Each structure stands twice: as structure tokens, then as C-alpha cells.
Number of protein chains: 2
Amino acid sequence: MGTGLFLPPFYCPIESAIHPAAERIEREAVAWLDATGIFTDAADRAWNIATHAAEFSCRLAPEGDEERLLLFAMWNHWMFGLDDARLDNSSRPVRAAETVDLSLRMIRCIEAPGSTMLGANPVADALADLVVRTRALTTPVQFQRLAEGARDFLLGVAWQNANIERGVVPPLADFVPGRIADVGGRFDAAFIEIANDIEVPAEQLYADPVRAVTEAAGFIVGCDNDLLSYAKEDRGGGAGQNILDVLMHHHRCSFAAALEQATAVRDRAMTLFLRLREQVAREAGPDLRRYLEGLGHFIAGNIQWSDTAPRYASPRNRHLLPDPLARLNVSLRDTPSDPRTEPLPIPTVAWWWTQLRTTASATAGSAAW
Amino acid sequence: MGTGLFLPPFYCPIESAIHPAAERIEREAVAWLDATGIFTDAADRAWNIATHAAEFSCRLAPEGDEERLLLFAMWNHWMFGLDDARLDNSSRPVRAAETVDLSLRMIRCIEAPGSTMLGANPVADALADLVVRTRALTTPVQFQRLAEGARDFLLGVAWQNANIERGVVPPLADFVPGRIADVGGRFDAAFIEIANDIEVPAEQLYADPVRAVTEAAGFIVGCDNDLLSYAKEDRGGGAGQNILDVLMHHHRCSFAAALEQATAVRDRAMTLFLRLREQVAREAGPDLRRYLEGLGHFIAGNIQWSDTAPRYASPRNRHLLPDPLARLNVSLRDTPSDPRTEPLPIPTVAWWWTQLRTTASATAGSAAW
């Protein structure tokens, strides 16, 4: 089975757009990357550039501020470098204790500039530089949300590594919240605000329906990434920490059956996302509205970006160097593979559906607040 | 050396007060605890009650709302139960992987009611009950801050457990931010808001000077707890994860010397706390002012409460059952043991001092935002 050949069409009735300055942003991000001195090996450098981190960033906020998108691109290059070097399990298992230690140090470097808690080395110096630049361009609230997003992300990564360490393939209901954390959706969501220079009022951002929309977007992106990166991780390389392995393991089913089930679950989450987002947008102020649009760009952009990013389209486990012409040949569809609108039978996320005003259970659920 | 006999006087020029309904709150909290069915063993139950969790809660917000303080007391009884049963290393080492797994599950139960991610058992059911009650009494923003506080706390606990697993006694500069997280100060700070029914505007709560005051309070409480609970943990029982062990290990010094150094560090943090809190309060609105007062109650209340709580005064490792008459015989002092006002030479927290407007470096530091 060739890279990407097995991929079903993705249900995504949102068009992805890209910031017009994407090419310039990419050049500047790579120039920054080179100046950091993180990469001493030419192949490592080539593979980091092959993440197309700037393109991903520029698809998150196609009308965002160029300087802030450059910052996001730099963060993403840095995070991909960290992911591949320190957090990812495909080459060697990383113990939870190591991940937790790195997490606390990284969070401290973010929350307390000058703390040097990652030591003195190019990776740490680059993070310190990112933090100084980010504080200069953000409000305290925007920055706090970024820090909380990072903590959420790192706990998710640690959890996946803890599962691998203990040989645990989590059941779907446990896997989903772990994946929502691990995909870093709240970190990216914080950058929707930063890049567009908006600040959603806290009482709106943390209201249940908006929390549900944010989580659903993260889950969809995580699911899509599980499918789009499956070849990259080697079949089973993720050691059970992706939705296909989870379904094959717990439902004792074939890869094809797991793919169909994963797509159905993901498409039902997409239907929920679209309906709930529309409901919230109807009464939203300008910043919340822009945030909700950004979540759509996050989902649509992730698919488009993965299609041509050599990180996924010509993965390193199968290619000596990135192939700039490789494609996953992603296709889209306008309707969900599973059209059902009732809540997924997954207790950890079933509450998303109770936020919908048009269902009977929704009214009761929302009234709790 | 008898329990508490070695304790130096605590520099704390803030008077501790207790909510007038403390006794009733304790009775109701214990009634709730009994109804949960968490404790089947009479000794375990007695030791949980011996935490005097309600007293601790009622000292955090002496003028708070009774219903909300009862809620806080219930949370604290539950957390102490969890701490002793699942998180604490004194009886058996807990691997970081286990702590991380528990953390992600607990956070999910907090963020998504009905998720049942801790299974079906009295401990999980009690948490679910707490979450429902808390959501009913809080605004979405108050609740979000509580959830972020829990995540911060659990990452700190996981980090300490990761250190023990790897045999690491962290140097002081690393230990301090870990202890600030692990003591759960942001969780308690969230309850200052809930108990007093206030909501500090986000742009004030996350401004650097207020973040620094919050962190400093957590550090002081963590330090004090390290001293007040040293007998409880057995000498060395904390396996290096308290400030006395950290100083003895890294400075190759005696217990007495470590105690003197720890007190000096802690007193300098207290001086900073008092000065910075006064500076912030001068221009604070009513909710922020009340929050700042609450941080003072947190510090002062922690010392008073520990003095008579059998959890510390007649610790379980030395007593079959809690002794209600036991006292640590804590004493106070009005001046710091080390009167210096310059920043501590600890890079992870030196930024606190740059928030002071009266020092030269402060102005430059504050201007960054």
C-alpha cells in the first residue's frame, strides 16, 4: 500500500485559504531557523523545512497579521523539531518521566522568561527567543492562553508516552480526550487569536458551547492527522496511539474496517462542529466570530497542508530526503460518510451534542450554566 | 528530634482568620465524605478527617460564602484522599506514567461531566459529584481557572514522581517552579475567587505583577509545607522532593544548615510577596484587592492550620490513630530571618523582583508588557 493510497475522501465543506505573504513568511521563518543553529545535520534541517510549517501557519489565519504569522511559523518549526527529536516514539520509546520533565521545563521557560530551565543550548535559546518575541506581540491574556495550551498539549503527549511505556492501547472513549490534548489544538487556537489580533472575552471562550466547538475541531484535526500520517509513523509505529490502531485493537477488525469506522466517527464530529459553530456564530460578537472562522481554517488547512508537505507525502521512514513533488493526493467530499446527527456513543465527548439547542437534551445540558 | 521541635519561627506578619461557620462546614463536609463511601477502613477515614481540610478551607476565605466554602472543604477532603492513596510517594514509589494517566483522566472528569474516565467507583463518583456541584456554583471563567489550576498541580505532582523514578534530586532553581506547581497554589487561588464570589478580570489576573504575587504565595506555602510536614514524610521519605533535602543534597550541608537556608530563601520570598502585593493593591479594583487579601490568608492560614492538624502534628507514620491534642507548636516572628530585598539568585523566579516598581531593574522588566 503506497503512501496515501488508502486515504478515503475527507468530508470538509470548508474551503482552505492561505495568507498571501506565505512565501515570504516561509523564507523568513527558515532564515530564523538557520540562525538558531538548532540543526547541524543537513538532512535534519531538510526534514524540518519539509514540515512546511509556514504553510500550516498561514492556512490557520489567511487574513492574519504577517508579523504574528511569522511568529507562529517559527513556533511550529521549533515544535516539529522538538517533536521529532524528543517527543515522538517512532524511533525509540520515550518514557513518561522524561516527557514530564521536559514538559515542566518547557512550561517554565514559557511562563518565566530568563528561567533557563532547559539549559543553554540552541533549542533552549530558540525557545527563549520565541518567548521574548511572543510577549512583545501579545496581550497578557493571549499569552496566558498560549501557555495553558502548551500545558494541555504536553500532558497529552505525556499520556500517549505513558500508554506506550505500559503497553496500553486505550479504548476509543479514553483515546479521544487524550488525542484532543496531544494534537495541541488549544495551542493552535490561541494562535488564531494572536494571528488575528483578537481576544475573545473569557466568559465567551469558556462557555460550554464554545469549549465544545474548540474540542471538536481539535479532535477532527487529530483524527485527520492519524490518517494522513499513518504511513509516516509506519503501520503500528505509533504503538497503538492513533485511532486506526485503537479501533483495530479493540474491535478486533481489519485495517479497512477501522478506516471506515474512524471516518464515520470523525465525520459525525464534523457534522456536530458545523452545526454547533453556526449556532454559536449567530449570536457571537466580532472576535468570537473570527475565532470560529479560524477553527474552520484550522481543520481545512490541516488537510490541504498535509497533502503536499513532504513530512507526510514522502515520509522520512521511506525516503532519504524529502521529495518536494510528492503528494498524498487527498480528495474531499461534500457529505459525511455517516450522516447521523445523534451524539456519538463516546461518554467522554457526548456532552458536545448536548450543547445543540435544536435537540431536546441540548436545552437541559446548556441550562446547567 | 520530636515532631515539630526543630521548626524555626515563621515570618508571617499577616494574621490568620477563620470563617465563623467553620465547625458547621466541617460537620457537613464529613457527612458528605461519609456518604461518598470512599472510606471503608475506619483508620483511613480517621486520618482523612484528621487533615482538618475544612479548617484549611475556612482560613482561605474567612469572609467567604458558606456554601462555596463547604464545596472547597469537600474538594480538599477528596484531594487529600487521592494524595495519600494514589499520588504520594512515602509508602511506595508511584511511576510518572501512572501519575500522568491519572492526571489526564481526572482533568477529563473535571472538564467533561459525565465522561466517567476514572471508571465507576466511590472516588470517581465523588469527583463527578464535586464537578456537578462546582459547575452549579461557579461562572464558566471561575470554573476554567479551577481546571487550569488542577492541570498545573497535576503536572507538578507528575514531575516530582518523575524525579523520584529517575533518582533525581533537583537543584534549587529547578525545584522551586516544580514545587509551585505541585503545591496546587493555582487551584487554591481559583477557590479564593469562587469562595468570595469574585472574578478578577483576566487582563489583571494574568498581568506579570499579579502572576508573580500568585507564584510567590504558592512558593511560600510549599516551603512552609516542606518544613511543617517533614516529620510526616519521614526524614528522606520525600526522596529528595522537598526544599530541605534539596539543599542538603546540593549544598552538602547539615539538616540545621539546610533549615537556615530554606528559611532565608522563604523569608526573602515573603518580603517580595508583601512589597509586590502592596504595590499591586494600590491600583487594584475590588475583586483584585480581595484576591490579593486571599493570597495572604492562604499563607497565614496554611501555617495556623498545620499547627493543629493531626495530619502534621501527629503524623501517621508515627501514630496509629490521629491525636487531636497534638501540636507542632508553631511560632511566628515579625521580621525576616534574612532581611535582604534584592532578587534571589534563582533564575527561575528572579523575574518576580523585576515587577517591583521601586527598583531600577523593575521598571525595565515591567515595561516589557
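Remember, predicted model here, so these are calculated numbers, not experimental data.

Rules and cut-offs
- Residues numbered from 1 in each chain as written.
- Chains lettered and ligands numbered in written order.
- Predicted model: local features only at pLDDT ≥ 70, side-chain atom pairs only at ≥ 80, totals over all residues.
- Heavy atoms only, no water.
- Helix = DSSP H or I, 4+ residues; strand = E, 2+ residues; numbered from the N terminus.
- Rg over C-alpha atoms; globule rule 2.2 N^0.38 Å.
- Buried < 20%, exposed > 50% of the residue type's maximum accessible area, 1.4 Å probe, protein only.
- Contact = heavy atoms within 4.5 Å.
- Areas by Shrake-Rupley, 256 points an atom, 1.4 Å probe, with all protein chains shown as cover.
- Lys, Arg positive; Asp, Glu negative; His and termini not counted.
- Charge placed at Lys NZ, Arg CZ, Asp CG, Glu CD.
- Axes fitted to C-alpha atoms, helices over the stretch in contact; angles between N-to-C directions.
- Parallel < 35°, antiparallel > 145°, perpendicular 65-115°, else oblique.
- Left-handed = near helix turned anticlockwise from the far one by under 90°.
- Nonpolar A, V, L, I, M, F, W, Y, C, P; charged D, E, K, R; others polar.
- Salt bridge = Lys/Arg side-chain N within 4 Å of Asp/Glu carboxyl O.
- Polar contact = N/O pair within 3.5 Å; in protein donor to acceptor, adjacent residues only side chain to side chain.

## Some points on the overall build of chain A
Along the backbone of chain A there are 16 helices and two strands. Rg of the C-alpha trace for chain A: 20 Å, near the compact-globule value of 21 Å for 369 residues, within the 12% margin. Summarising its shape, the C-alpha atoms of chain A cover approximately 55 × 45 × 40 Å along the three principal directions. In chain A, buried positions account for 63% of the 369 residues. Within chain A, contacts between residues separated by at least 24 positions form 75% of all contacts whose residues are at least 6 apart in sequence. Accessible area of chain A: about 13,400 Å², with a carbon and sulfur share of 53%. Of note, chain A has its 35 positive side-chain charges centred 3 Å away from the centre of its 48 negative side-chain charges.

## A look at the packing of helix α11 (residues 208-228) of chain B against helix α13 (residues 255-282) of chain B
Residue and element names in this part refer to chain B. With their axes 9 Å apart at the nearest point, α11 and α13 run at an angle of 150° to one another. In terms of their interaxial angle, α11 and α13 are classed as roughly antiparallel. As α11 runs across α13, the sense of the crossing is left-handed. Across from Pro209, Val210, Ala212, Val213, Ala216, Ala217, Phe219, Ile220, Cys223, Asp224 and Leu227 in α11, the residues of α13 making contact are Leu259, Thr263, Val265, Arg266, Ala269, Met270, Leu272, Phe273, Leu276, Arg277 and Val280. Grouping the amino acids of the contact of α11 with α13 by side-chain chemistry returns 18 nonpolar, one polar and three charged.

## Looking at the interface of chain B and chain A
Listed as interface residues are 52 residues of chain B and, on the opposing side, 51 residues of chain A. Here chain B and chain A share 14 salt bridges between them. Between Asp208(B) and Arg135(A) there is a salt bridge, with its nearest N and O atoms 2.4 Å apart. Joining chain B to chain A, the criterion identifies 20 residue pairs in polar contact (both at pLDDT 80 or more). Mapped by element, the contributors of at least two residues to the side of chain B that touches chain A are α5 (96-111), α7 (140-166), α8 (172-182), α10 (202-205) and α11 of chain B. Of the residues forming the side of chain B that touches chain A, the biggest block, 15 residues, is contributed by α7(B). In terms of residue class, the side of chain B that touches chain A is made up of 25 nonpolar, 10 polar and 17 charged.

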